[in-house]
Amino acid sequence: MNLSFFDQFASPYFLGIPLILLSMLFPALLFPTPNNRWITNRLSTIQLWSLHSITKQLMTPLNKKGHKWALILTSLTTLLLTINLLGLLPYTFTPTTQLSMNMALAFPLWLATLLTGLRNQPSISLGHLLPEGTPTPLIPALIMIETTSLLIRPLALGVRLTANLTAGHLLIQLISTATTALLPIMPTVSILTTSILFLLTILEVAVAMIQAYVFVLLLSLYLQENI
Amino acid sequence: MPTALIGTVFESHLRLGFFKKLNGNFLIICSVLHTSRPLHTTQQCLAPLPPLPEKGGEVRYGLIPEEFFQFLYPKTGVTGPYMLGTGLVLYLLSKEIYVINHETVAAACILSVIIYGVKKYGSDVAAFADKLNEEKVAKALAVKNEAIKDLETAIEREKKEQWRVEGRNYLFDAKRNNIAMLLETNYRERLLTVYNEVKKRLDYQVAMQNLKRQKEQDHMIHWVEKNVVQSITPQQQKESIAKCILDLKALSKSAQAAV
């Protein structure tokens, strides 16, 4: 079928049935549930080890109260990582390219950290609005700047993920179109473009993993400030 | 019970004409109702589970199980599955069921990256997973071995204690002899003391008797002398003195002659 550049970002439908929920939940099928055998097969061992590493990595800077967030942050990391990496396969739909999904993930979680901070330690939370050691005349301006910075965080979180993935996918599409178009005309340039595409694919794999990690890391940082 | 609830919800939605609007949320409502049923929290069978197979199923080209090739072998030989694959691909391409577009190039790139990654790091990852399992098993084995070693040390110590118990008799004999000697010594000392005391008493008596006799003797001599001296009258005294002088003269004469 003929594809335009933005068909990959359209929410998928099949015979009128929306598949968006299926595409969001599909990555869960790829992880085998850990059964209660003591020695598991290689896949389960690697999966368990990686989940433990991720949880340890996220929870080490947090105090004991922050460990309540272990489940949601680890599962968020795994979800984003899997969705991003699966989106690199051809003809797949990546839910994280939709701003709606990323904002739906970022905004409530950020608001949860903010409200936790304001509820449990309001003065410390508000104290974060003024960095230490600022000269006195700058204080009003700095407070406004810090408030803006605080309020823009959910927007930044969502848009960062969306923009990175969308831009990456679009670049792949464009360069592969260039390769396909140049192939009959100038094959050598086409080969050059293919090498560029190869490098870009490697970059996109890296970006997919890094963006997932950064999303969750920033959330854990906001949590650290507020818990 | 849950299915009955779903049925009533569905019917109510139909009746109220919300069917079209809630079409997308049908799945969500189903799942919400089903969560009231408890999920499996334990394994269903308490018997020991069968062991896992050592290796995964044999796969050719990372995708197609070996059993497929074996399945086709009797009818089409070795090249059968390959002919099938080629024919299928050519059919899809020629009929434009699969259209070659820009995604094909992107697919080629990502697949080459994946295959390169798997080929290069696959064995390392497998070795790492095996190492993790080995460490787990080794830790448990270490606990078991340490327990066995501790028990063996305890057994040796117990045997040494039993050997010591055998030697205990000699110790008791030596101690008994020691005590017997002490008692004997003590007895003899006491015996000696008794003897000395008795001797002292007897010596005292003997000394008393001797003293008494001595005193009697002295007294008698004294009395005899006193009486003798008293009996000597002055007349007798003069006669005796004259006799003594005569004797002395005679003696002096004989003595002078001797000199």
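Note that this is a predicted model, so its numbers are computed, not measured.

**Examining the environment of A212 of chain A**
Residue and element names in this part refer to chain A.
At step 1: Its location among the elements puts A212 in helix α8 (residues 187-226).
At step 2: Judged by its relative accessible area of 0%, A212 is buried.
At step 3: As for A212 and L80, which are separated by 132 residues in sequence, their C-alpha atoms are 5.2 Å apart.
At step 4: Look past the residues within four positions of A212 in its chain and what remains in contact with it is T77, L80, L81 and N84.

**Observations regarding the interface of chain B and chain A**
Interface size is commonly expressed as the accessible surface area that is lost when the partners come together.
At step 1: Listed as interface residues are 30 residues of chain B and, on the opposing side, 29 residues of chain A.
At step 2: The tally of links from chain B across to chain A stands at 1 salt bridge.
At step 3: Residue D130 of chain B is joined to R42 of chain A by a salt bridge in which the shortest nitrogen-to-oxygen separation is 2.9 Å.
At step 4: Remark: the boundary between chain B and chain A carries 9 residue pairs in polar contact (both at pLDDT 80 or more).
At step 5: Sort the elements by how many residues they give to the side of chain B that touches chain A and helix α5 (residues 102-231) of chain B lands first, with 21 residues.
At step 6: Here the residues of the side of chain B that touches chain A are counted per class, giving 21 nonpolar, 6 polar and 3 charged.

**Side note on the UniProt feature "transmembrane region" (unreviewed entry) in chain A**
Residue and element names in this part refer to chain A.
At step 1: As annotated in UniProt, the feature "transmembrane region" (unreviewed entry) corresponds to residues 12-32, 69-93, 99-118, 165-185 and 197-223 in the numbering used here.
At step 2: The annotated region residues 12-32 carries 29% helix and 19% strand content, and the separation between its end C-alpha atoms amounts to 26 Å.
At step 3: This span, residues 99-118, is 100% helix and 0% strand, and a straight line between its end C-alpha atoms measures 27 Å.

**What to know about the confidence of the model for chain B**
Residue and element names in this part refer to chain B.
At step 1: For chain B, per-residue confidence averages 85 on the pLDDT scale, and residues scoring 70 or more make up 85% of the total.
At step 2: The element-level mean pLDDT for chain B is lowest in helix α1 (residues 2-16), coming to 48, with helix α4 (residues 80-94) highest at 95.
At step 3: When the criterion is pLDDT under 50, residues 1-10 qualifies, and its contacts beyond four places in sequence or with other chains add up to 9 contacts.
At step 4: Interface confidence for the predicted complex, given as ipTM, is 0.87, next to a pTM of 0.69.

**A closer look at the packing of aromatic side chains**
At step 1: Under the defined criterion, the tally for this structure stands at 7 aromatic pairs over all chains.
At step 2: Residues F6 of chain A and F9 of chain A carry aromatic rings whose centres are separated by 6.2 Å and whose planes lie at 50 degrees to one another, so their mutual orientation is tilted.
At step 3: Of the residues examined, F9 of chain A reaches a relative accessible area of 12% and is grouped as buried.
At step 4: Both rings, one in F107 of chain A and one in W110 of chain A, keep their centres 5.7 Å apart while their planes meet at 55 degrees; by these two values the pair is tilted. Here the residue F107 of chain A and the residue W110 of chain A both occupy positions in helix α4 (residues 99-120), the gap between them amounting to 3 residues, near one helical turn.
At step 5: For F107 of chain A, a relative accessible area of 40% gives the class partly exposed.
At step 6: Members of the aromatic cluster, each reached through a chain of ring pairs, are Y61, F68, F69 and Y82 of chain B.

**Some remarks on the nonpolar core**
Residues and elements named next belong to chain A.
At step 1: The biggest cluster of nonpolar side chains holds 28 residues, and the ones touching the most others in it are L73, L76, L80, L157, F215 and L219.
At step 2: Taken together, the elements giving at least two residues each to this core come down to α2 (42-59), α3 (70-86), α4, α7 (153-182) and α8.
At step 3: In terms of residues, this core owes the most to one element, α8, which gives 7 residues.
At step 4: Residues within four places of L80 in sequence aside, it is in contact with T96, L105, L161, A212 and F215.

**Comments concerning unusual backbone geometry**
At step 1: With phi around 50 degrees, L15 of chain A is a residue other than glycine that occupies positive phi space.
At step 2: By secondary structure assignment, the location of L15 of chain A is in the loop between β1 (13-14) and β2 (17-18).
At step 3: Given a relative accessible area of 75%, L15 of chain A falls into the exposed group.
At step 4: A positive phi angle is found at Y61 of chain B, which is not glycine, with a value near 55 degrees.

**Structural notes on a nonpolar patch on the surface**
At step 1: Taken together, the side chains of Y61, L63, I64, F68, F71 and L84 of chain B present a nonpolar region at the surface, about 690 Å² in accessible area.
At step 2: Position of I64 of chain B among the secondary structure elements: in strand β2 (residues 64-65).

**Thoughts on the side chain of Q173 of chain A**
At step 1: Mapped onto the elements, Q173 of chain A comes out in helix α7.
At step 2: Note on Q173 of chain A: relative accessible area 5%, which makes it buried.

**Observations regarding the packing of α8 of chain A against α5 of chain B**
At step 1: Look at α8 of chain A against α5 of chain B: their axes get within 9 Å of each other, and the N-to-C directions meet at 60 degrees. Judged on the interaxial angle alone, α5 of chain B and α8 of chain A are oblique. The two elements α8 of chain A and α5 of chain B meet at a crossing, and its hand is right-handed. Residues T194, L197, F198, T201, I202 and V205 of chain A of α8 of chain A touch α5 of chain B, and the partners they reach there are V105, A106, C109, I110, S112 and V113 of chain B.
At step 2: Of the residues assigned to the contact of α8 of chain A with α5 of chain B, the class counts are 9 nonpolar, 3 polar and no charged.

How each quantity is defined
Residues numbered from 1 in each chain as written. Chains lettered and ligands numbered in written order. Predicted model: local features only at pLDDT ≥ 70, side-chain atom pairs only at ≥ 80, totals over all residues. Heavy atoms only, no water. Helix = DSSP H or I, 4+ residues; strand = E, 2+ residues; numbered from the N terminus. Buried < 20%, exposed > 50% of the residue type's maximum accessible area, 1.4 Å probe, protein only. Contact = heavy atoms within 4.5 Å. Salt bridge = Lys/Arg side-chain N within 4 Å of Asp/Glu carboxyl O. Polar contact = N/O pair within 3.5 Å; in protein donor to acceptor, adjacent residues only side chain to side chain. Nonpolar A, V, L, I, M, F, W, Y, C, P; charged D, E, K, R; others polar. UniProt positions renumbered as here; feature names shortened; annotations may be inferred. pLDDT = per-residue confidence, 0-100. Phe/Tyr/Trp six-rings, centres within 6.5 Å; stacked < 30°, edge-to-face > 60°. Core = buried A, V, L, I, M, F, W, Y, C linked by side-chain atoms within 4.5 Å. Patch = residues over 30% accessible without salt bridge, like charges linked within 9 Å, V, L, I, M, F, W, Y side chains within 5 Å. Areas by Shrake-Rupley, 256 points an atom, 1.4 Å probe, with all protein chains shown as cover. Axes fitted to C-alpha atoms, helices over the stretch in contact; angles between N-to-C directions. Parallel < 35°, antiparallel > 145°, perpendicular 65-115°, else oblique. Left-handed = near helix turned anticlockwise from the far one by under 90°.

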